[in-house]
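# Structural features, examined
Residues per chain are reported as follows:
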Amino acid sequence: PLGFIDGKIVDIDALVVPLEDRGHQFGDGVYEVIMAIDGKYVYLKEHLDRMERSCGEIRLVPSFSREEVENFCHQLLKESGMNDAMLYLQWTRGVSPRVHSFPPNTRAILSGTIRPAKVIPPELFANGARAIMIPDERWLKCHVKSLNLLGSVLAKQLAVEAGCFEAILVRDNKFVTEGSNSNSFAVKDNCIYTAPANNLILAGVTRAVVMAKAQELGYTVKEEFVSPQFYKEADEVFLTGTTTEVMPITILDNEPVGDGKVGPITRKLQEEYWKLIGKK
Ligand code: PLP
């Protein structure tokens, strides 16, 4: 694994983050997680596009051009010597004495790591995973991939403590938004439902790819908010994400989803997604 900061590649555990970096003190920044498979990034363009949008939303002006960032990503993968890797990339607003408002004359800092991907147990992909539904207590700009992740951290911790893979979040006790770090889908009567891409969810790169594939295969995909009760009564539930890929949820709040087995639509989309990214 390697680290990098401000254009320089460093040892992964080098002490290089300035104490007054605004990412460190305020979570004032945005990030992306991008996988490489067989020496090639998966959906690099889509991730860098979203990172530009996230920067725009928080009025962060990158200090490297899009082309420089992209070239740097390729250089990192090469220097890491890895074929399969997970790139973590973040922009922070820069370094300055602590003040809440944007400090004048700061330069945004790009930093991150490249390391082997976390391994999700294959049996979860094969047989399905467990999830709980809990209140969505995050802020109202979930469409920004912000460094402020406490809402997601606390949600995921509850999931882990409940022996679950993911926490599926419910806004205002009314409708499902997404997972703590994934998008969520429910299938009912051959129709696939997922939350619309507004400010209450992060519109995942994987979500878009899987929705497009589902439509290509002839399924109806509805971007509509549905209730937690709808999820409990669904035929199938699954999650999508860069590291989550297509993950079947077969137990939700301790009850089986549908017949408790991975459903045919989830399985089909999982296989098709793996084909698209070239996963073996
Ligand atoms: N929703 C949230 C809140 C996330 O943090 C993530 C990914 O980290 C996703 C959805 C999935 O997005 P993507 O498919 O782009 O990885």
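Remember, it's a predicted structure, so these values are computed and weren't measured experimentally.

## Notes on the sheet that holds strand β4 (residues 40-41)
The antiparallel open sheet is built from 6 strands, whose spatial order is β2-β1-β6-β5-β3-β4. Among the strands making up the open sheet, the edge pair consists of β2 (8-11) and β4. As judged from the 8 bridges shared by strand β3 (residues 29-37) and strand β5 (residues 85-92), these two strands associate in the antiparallel manner. Counterpart to Glu32 in the pairing with β5 is Leu89. Across the sheet, helix α2 (residues 44-57) lies against β3, β4 and β5, angled at about 180 degrees from β3, the strand it touches most.

## Let's talk about the environment of Tyr273
With respect to the helices and strands, Tyr273 occurs in helix α8 (residues 264-277). Between the C-alpha atoms of Tyr273 and Val209, which are 64 residues apart in sequence, the distance is 7.9 Å. Sequence-distant contacts of Tyr273, that is, excluding residues within four places in its chain, are made with Val209, Val210, Lys213, Glu245 and Val246.

## Let's talk about unusual backbone geometry
Positive phi values are uncommon outside glycine, yet Asp172 reaches one of about 55 degrees. Mapped onto the elements of the fold, Asp172 is located in the loop between β8 (166-171) and β9 (175-179). One non-glycine residue with positive phi stands out, namely Glu245, at about 55 degrees. Positionally, Glu245 belongs in strand β14 (residues 245-252).

## Focus on the nonpolar core
Counting 37 residues, the largest nonpolar core has Ala131, Val237 and Ile249 as its most contacted members. Sort the elements by how many residues they give to this core and helix α6 (residues 205-216) lands first, with 5 residues.

## Remarks on the domain arrangement of the chain
Domain assignment breaks the chain into domain 1 (2-115) and domain 2 (122-277). The interface is formed by 19 residues belonging to domain 1 together with 10 residues belonging to domain 2. The set of elements that each furnish at least two residues to the side of domain 1 that touches domain 2 consists of β3 and α2. Here the side of domain 1 that touches domain 2 takes 8 residues from β3, the largest share from any one element. Among the residues making up the side of domain 1 that touches domain 2, the classes are represented as 9 nonpolar, 6 polar and 4 charged.

## What about α2?
Here α2 spans 20 Å end to end across 14 residues, near enough to the 20 Å set by a 1.5 Å rise per residue. Inspection of α2 places Leu44, His47, Arg50, Met51 and Ser54 among the buried residues, and these make up the whole buried set. Taken end-on, α2 shows its buried residues confined to a sector of 130 degrees, consistent with a single buried face. Next to the buried residues of α2 lie β3, β4, α3 (66-80) and α6. Remark: Arg59 follows α2 within two positions and exhibits a positive phi of approximately 55 degrees.

## Examining the packing of α2 against α3
Where α2 meets α3, the axes come as close as 11 Å, and the angle between the chain directions of the two elements is 135 degrees. Looking at the two axes, α2 sits oblique to α3. For the element pair α2 and α3, the recorded crossing hand is right-handed. Across the interface between the two elements, Leu44, Leu48 and Glu52 from α2 touch Arg66, Val69, Glu70 and Cys73 from α3. Tallied by class, residues from the contact of α2 with α3 come to 4 nonpolar, no polar and 3 charged.

## Focus on the site of the ligand
In the neighbourhood of the ligand, 13 residues make up the surrounding shell, with Leu202, Gly204, Val205, Thr206 and Thr242 lying closest. The greatest single-element share of the shell around the ligand, amounting to 3 residues, is contributed by α6. Of the residues in the shell around the ligand, the class split is 3 nonpolar, 8 polar and 2 charged.

## Digging into the packing of α6 against α8
The contact between α6 and α8 brings their axes to 10 Å, and the two run at 115 degrees. The hand of the α6/α8 crossing is right-handed. Here Val209, Val210, Lys213 and Ala214 of α6 lie close against α8, whose contacting residues are Leu269, Glu272, Tyr273 and Leu276. Taken together, the residues of the contact of α6 with α8 sort by class into 6 nonpolar, no polar and 2 charged.

## As for α6
Given a rise of 1.5 Å per residue, 12 residues ought to cover 16 Å, and the 17 Å separating the end C-alpha atoms of α6 matches this to within 8%. Among all positions of α6, only Val205, Thr206, Arg207, Val209, Val210, Met211 and Ala214 are buried. Just beyond α6, the residue with positive phi is Gly218, at close to 95 degrees.

Conventions and cut-offs
- Residues numbered from 1 in each chain as written.
- Predicted model: local features only at pLDDT ≥ 70, side-chain atom pairs only at ≥ 80, totals over all residues.
- Pairing = 2+ DSSP bridges.
- Helix = DSSP H or I, 4+ residues; strand = E, 2+ residues; numbered from the N terminus.
- Contact = placed C-beta atoms within 7 Å.
- Axes fitted to C-alpha atoms, helices over the stretch in contact; angles between N-to-C directions.
- Core = buried A, V, L, I, M, F, W, Y, C linked by C-beta atoms within 7 Å.
- Buried ≥ 20, exposed ≤ 12 C-beta atoms within 10 Å, placed from the backbone.
- Domains from an automatic or database assignment.
- Nonpolar A, V, L, I, M, F, W, Y, C, P; charged D, E, K, R; others polar.
- Expected span 1.5 Å × (residues − 1).
- Arc of directions from axis to C-beta.
- Parallel < 35°, antiparallel > 145°, perpendicular 65-115°, else oblique.
- Left-handed = near helix turned anticlockwise from the far one by under 90°.
- Near = placed C-beta within 6 Å.

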